[in-house]
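Report on the structure
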4 protein chains.
Amino acid sequence: MIKGETTLRVRYGETDRMNYAYYGNYALYYEVARAELLRTYGMDYSQMEDMGVMMPVMNLHVDFLKPAKYDELLTIVTSIKKAPSVKMLFEYEVFNSQKELINTGYTTLVFIDKESKRPIRAPKFFTDLFIKDFK
Amino acid sequence: MIKGETTLRVRYGETDRMNYAYYGNYALYYEVARAELLRTYGMDYSQMEDMGVMMPVMNLHVDFLKPAKYDELLTIVTSIKKAPSVKMLFEYEVFNSQKELINTGYTTLVFIDKESKRPIRAPKFFTDLFIKDFK
Amino acid sequence: MIKGETTLRVRYGETDRMNYAYYGNYALYYEVARAELLRTYGMDYSQMEDMGVMMPVMNLHVDFLKPAKYDELLTIVTSIKKAPSVKMLFEYEVFNSQKELINTGYTTLVFIDKESKRPIRAPKFFTDLFIKDFK
Amino acid sequence: MIKGETTLRVRYGETDRMNYAYYGNYALYYEVARAELLRTYGMDYSQMEDMGVMMPVMNLHVDFLKPAKYDELLTIVTSIKKAPSVKMLFEYEVFNSQKELINTGYTTLVFIDKESKRPIRAPKFFTDLFIKDFK
């Protein structure tokens with residue numbers, strides 16, 4: 001199992017007229033969280049695409065428990081519980097600055113060959129990065 | 001059961017470097033779709049809030065089947081299959097301009113009293129709008 | 001001179017905690033306005049890019065006079081006062097539903113060859129569309 | 001004169017199909033930059049609003065020199081050259097990771113009383129924070 005943590009602040013433009021971080025922005029926050037997790041394993045997602053592998057999102061789920069407000073510093077804990085195969089499941093827990101869990105969610109990403117646009121297995125250079133954590 | 005249809009175009013700023021409508025933007029598209037559905041029933045969501053009722057989103061789910069590209073005209077079919085009570089489930093089907101289903105999703109919204117910030121039952125002025133469609 | 005008009009509604013996710021359409025979203029609204037203007041001249045901006053011509057924005061200016069609120073139906077009047085050469089100036093006036101002018105702005109776009117990434121003159125197939133309006 | 005520096009990374013959802021950070025997102029980046037600058041002076045912008053003072057943007061200007069790409073780490077240098085009075089001018093210079101200047105811009109913000117919605121002079125608790133830097 002892999003686990004990582006990233007923090008980010010709610011921007012003014014990300015709030016809505018309820019003074020909550022707009023519900024759609026968590027997709028963006030999750031994207032940042034998983035990119036930062038991959039980075040700690042030595043993989044920039046932009047490199048992945050440069051190497052011909054895209055990872056579009058297959059599904060997205062969010063359960064909202066509490067709102068986040070403007071300027072709140074959020075902590076996102078991202079977990080990968082299963083070694084990547086043809087797809088990869090990222091799970092997220094978002095905490096506010098009082099350490100309260102404010103939402104949980106997940107995204108499933110698939111590996112796609114950039115040229116053929118067809119699904120592929122996770123490339124070896126990618127799975128090798130995580131191999132020791134799934135033994 | 002209630003069903004409505006709305007169309008919108010993918011904006012340039014809503015695409016990402018894959019040339020796909022960014023996955024997080026569907027939350028925004030779903031928001032437009034449910035607001036337009038309520039409007040056809042004579043209810044502007046802004047009025048709801050002016051009357052002291054907020055409807056934050058409790059959960060969001062999207063299953064992505066195909067990407068949408070810049071400038072594509074999307075059709076979103078929104079359904080409400082159960083009369084609103086303390087919550088309200090909106091289901092979405094998004095079609096591209098070739099009438100292909102490109103994603104499906106749902107959001108559950110809850111009714112909240114604006115002052116107390118506590119959950120309430122759907123107000124009568126609201127449920128009355130839909131009552132004939134759930135008989 | 002060329003002049004066109006497009007309307008759009010402020011989305012919930014585009015508001016901020018002041019209950020105003022976030023100031024950064026007008027860049028998006030202007031983008032929609034100029035794409036719709038080109039469309040009335042028979043040119044989809046996506047076709048431009050497919051034909052190898054990109055039109056990145058060189059500058060953006062907005063003067064904010066009044067805020068727009070959630071669900072307001074805005075009218076954007078877009079003008080092009082000079083025939084496109086190596087660049088093209090779009091001017092915008094945004095009106096709220098009470099016909100009040102709420103902001104004015106402009107963007108200058110340049111023509112770029114997609115392959116070489118170098119500036120070019122506006123292609124003939126493009127300038128031909130507007131030629132009769134600048135005589 | 002006041003000068004501060006903040007860094008941020010271009011998110012995937014902030015790119016467009018040219019693979020550039022969408023031009024409208026710089027308004028968001030500038031917002032982050034000025035909020036971080038105020039924070040180093042001991043003022044969270046959210047506190048300002050809690051104290052009854054709003055600072056809506058009166059104008060926005062951006063000159064784009066070069067694009068930023070996905071995952072680039074940008075540095076924004078924010079300057080305030082004149083003590084705040086009824087308005088406050090923030091100037092921005094954005095640098096990419098190769099230290100190249102990629103755009104410059106400014107925003108003028110005004111001070112508004114939250115209740116009356118009328119312009120006011122910058123409150124004393126605010127100007128006091130900067131007073132030593134403008135002597």
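Located above this text is the structure these notes cover.
Before going into details, it helps to say that this report is about the structure given with it. (Residues numbered from 1 in each chain as written. Chains lettered and ligands numbered in written order. Predicted model: local features only at pLDDT ≥ 70, side-chain atom pairs only at ≥ 80, totals over all residues.)

1. Details of the overall build of chain A
The cut-off we apply is this: Only DSSP runs of H or I covering at least 4 residues are called helices, and only runs of E covering at least 2 are called strands; the numbering of each starts at the N terminus. Our radius of gyration looks at C-alpha atoms and nothing else; its globule reference is 2.2 Å times the residue count to the power 0.38. Think of it as a crowd count around each C-beta: if 20 or more other C-beta atoms lie within 10 Å the residue is buried, if 12 or fewer it is exposed, and in between it is partly exposed, with C-beta placed from the backbone throughout. Any residue pair is listed as a contact if its two C-beta atoms, each placed from the backbone, are within 7 Å.
Within chain A, the regular secondary structure consists of 3 helices and 7 strands. What you see in chain A, going N to C, is helices and strands ordered as β-α-α-β-β-β-β-β-β-α. The C-alpha radius of gyration of chain A comes to 16 Å, within 12% of the 14 Å expected for a compact globule of 135 residues. C-alpha extents for chain A along the principal axes are approximately 45 × 30 × 20 Å. Counting the 135 residues in chain A, one finds 39% classified as buried. Considering only intrachain contacts with a sequence separation of at least 6, the fraction spanning at least 24 residues in chain A is 69%.

2. A look at helix H1 (residues 25-40) of chain C
Residues and elements named next belong to chain C. Selection rule: One fewer than the residue count of a helix, multiplied by 1.5 Å, yields its expected span.
Over its 16 residues, H1 extends 23 Å from the first C-alpha to the last, a length consistent with the 22 Å expected when each residue adds 1.5 Å. The buried fraction of H1 is high, at 12 of 16 residues. The set of residues buried in H1 consists of Asn25, Tyr26, Ala27, Leu28, Tyr29, Tyr30, Glu31, Ala33, Arg34, Ala35, Leu37 and Leu38. A positive phi of about 85° marks glycine 42, the residue just after H1.

3. A short note on the relation of the copies chain C and chain D
This is how it is decided: Least-squares superposition of the copies uses the C-alpha atoms of those residues scoring a pLDDT of at least 70 in each of them.
When chain C is fitted onto chain D, the two copies agree to an RMSD of 0.0 Å after a turn of 180° and an axial shift of 0.0 Å. Both copies of the chain, as the preceding transformation shows, are related through a two-fold rotation axis. Of the C-alpha atoms belonging to chain C, the one lying closest to the rotation axis is found on C:His61, 2.2 Å away.

4. Concerning the sheet that holds strand S6 (residues 101-110) of chain C
Convention followed: Here the rule is simple: two strands pair whenever DSSP picks up at least two bridges between them. As a rule, the C-alpha atoms of each element are fitted with a line to give its axis, helices using only the stretch in contact, and angles between N-to-C directions run from 0 to 180 degrees.
One open sheet holds the 10 strands; their spatial order is S1(C)-S4(C)-S5(C)-S6(C)-S3(C)-S3(D)-S6(D)-S5(D)-S4(D)-S1(D), and the pairing between them is antiparallel. If you trace the sheet from one side to the other, it starts and ends with strand S1 (2-9) of chain C together with strand S1 (2-9) of chain D, each paired once. Here the average twist between neighbouring strands, direction ignored, is 15°. Two strands pair when backbone bridges link them, and strand S4 (residues 73-80) of chain C and strand S5 (residues 87-95) of chain C are joined in this way by 5 bridges, in the antiparallel orientation.

5. Points about the interface of chain A and chain B
On the chain B side, the residues contacting the 17 residues of chain A number 17 residues. Only helix H1 (25-40) and strand S3 (57-64) of chain A provide two or more residues apiece to the side of chain A that touches chain B. Pairing of S3(A) with strand S3 (residues 57-64) of chain B, which is carried by 5 bridges, proceeds in the antiparallel orientation. Residue pairing across strands places A:Val62 opposite B:Leu60, the latter belonging to S3(B).

6. Quick look at the nonpolar core
Using the following cut-off: Structurally, a nonpolar core is described as a collection of buried Ala, Val, Leu, Ile, Met, Phe, Trp, Tyr and Cys residues joined by way of C-beta atoms within 7 Å.
With 70 residues, the main nonpolar core has A:Tyr23, A:Ala27, A:Tyr29, B:Tyr23, B:Ala27 and B:Tyr29 as its most contacted residues. Where this core is concerned, the elements lending two or more residues are H1, S3, strand S4 (73-80) and strand S5 (87-95) of chain A together with helix H1 (25-40), S3, strand S4 (73-80) and strand S5 (87-95) of chain B. Once you skip the residues sitting within four places of it in the chain, B:Tyr23 turns out to touch A:Ala27, A:Val57, A:Leu60 and B:Phe64. Grouped together as the second largest cluster of nonpolar side chains are 69 residues, C:Ala122, D:Tyr29, D:Ala68 and D:Phe90 included.

7. Structural notes on the interface of chain C and chain D
This is how the line gets drawn: Ten residue types, Ala, Val, Leu, Ile, Met, Phe, Trp, Tyr, Cys and Pro, are classed as nonpolar, four, Asp, Glu, Lys and Arg, as charged, and the remainder, Gly among them, as polar.
Between chain C and chain D, the residue contacts involve 16 residues of the former and 17 residues of the latter. Only H1 and strand S3 (57-64) of chain C provide two or more residues apiece to the side of chain C that touches chain D. The element that contributes the greatest number of residues to the side of chain C that touches chain D is S3(C), accounting for 8 residues. Of the residues contributing to the side of chain C that touches chain D, the split by class is 12 nonpolar, 3 polar and 1 charged.

8. A closer look at the environment of B:Leu60
Take B:Leu60: it is sitting in strand S3. In the structure, B:Leu60 is positioned 49 residues away from B:Leu109 in sequence and 9.2 Å away in space, judged by C-alpha atoms. In this structure B:Leu60 touches A:Tyr23, A:Val62, B:Ala27 and B:Thr107, once residues within four positions along its chain are discounted.

9. A look at the relation of the copies chain A and chain B
Two chain copies here: they are related by a rotation about an axis and a translation along the same axis. Between chain A and chain B, which share one sequence, the superposing operator has a rotation angle of 180° and an axial displacement of 0.0 Å; the RMSD is 0.0 Å. Looking at chain A, 100% of its interface residues are interface residues in chain B too, so the copies touch through the same face.

10. Observations regarding the sheet that holds strand S1 (residues 2-9) of chain A
A sheet is described by the order of its strands in space; here 10 strands give the open sequence S1(A)-S4(A)-S5(A)-S6(A)-S3(A)-S3(B)-S6(B)-S5(B)-S4(B)-S1(B), paired in antiparallel fashion. Each edge of the sheet is formed by a strand with only one pairing partner; in this case those strands are S1 of chain A together with strand S1 (2-9) of chain B. Averaged over all pairs of adjacent strands, the angle between their axes in this sheet comes to 15°, without regard to strand direction. With 9 bridges joining them, S5(A) and strand S6 (residues 101-110) of chain A adopt antiparallel strand pairing. Of the residues in S6(A), the one forming a bridge with A:Tyr92 is A:Gly105. Against the sheet, H1(B) contacts S1, S3, S4, S5 and strand S6 (101-110) of chain B, and its axis sits at roughly 130° relative to S1(B).

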